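Structure assessment
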Amino acid sequence: MEKINSIPEILGETTDVESWLIRAGLRFSDLGNDAASFAIRKQWREYQAAVQRCCATLHQPPSHVQLSGDYANLRIPGGTSSSCAFICRVIPSA
């Protein structure tokens, strides 16, 4: 049976924190001063650093690259990265 209202796979990265938070069903206004919010803010900084390195390596804008490997978990708020491995790829044009 087909899924109704399925969410398509997220392609491309972003430099917009609101867009990034929406991937997890969050809004910036949901963040507070609790430990979970601090962890999400730290993850955002790690995500942005990884996106910047990926863009510089591949000479592509964020919307045309996708993090993978250990950094794939950073794509969605709440995911974690377990090591320093850095893998990214160019998204093929449709």
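Conventions adopted
- Residues numbered from 1 in each chain as written.
- Predicted model: local features only at pLDDT ≥ 70, side-chain atom pairs only at ≥ 80, totals over all residues.
- Heavy atoms only, no water.
- Helix = DSSP H or I, 4+ residues; strand = E, 2+ residues; numbered from the N terminus.
- Polar contact = N/O pair within 3.5 Å; in protein donor to acceptor, adjacent residues only side chain to side chain.
- pLDDT = per-residue confidence, 0-100.
- Contact = heavy atoms within 4.5 Å.
- Core = buried A, V, L, I, M, F, W, Y, C linked by side-chain atoms within 4.5 Å.
- Buried < 20%, exposed > 50% of the residue type's maximum accessible area, 1.4 Å probe, protein only.
- Expected span 1.5 Å × (residues − 1).

As for its position among the elements, serine 37 is in helix H2 (residues 35-58). For serine 37, the side chain forms a polar contact with the main-chain nitrogen of glycine 32, separated by 2.8 Å.

This part is about the confidence of the model for the chain. Per-residue pLDDT for the chain has a mean of 82; in total, 78% of the residues score no lower than 70. Confidence over residues 1-7 falls short of pLDDT 50; this stretch has zero contacts with residues more than four positions distant or in other chains.

Judged by nonpolar contacts, the single largest core of 15 residues is most densely connected at Trp20, Tyr47 and Leu67. When contributions to this core are tallied by element, the ones reaching two or more residues are helix H1 (17-22), H2 and strand E1 (65-68).

This part is about H2. Spanning 24 residues, H2 covers 34 Å between terminal C-alpha atoms, matching the ideal 34 Å at 1.5 Å per step. Where H2 begins, the capping side chain belongs to aspartate 34, and its oxygen is found 3.2 Å from the backbone nitrogen of alanine 36. Count one or two residues on from H2 and you reach histidine 59, which has phi positive near 55°.

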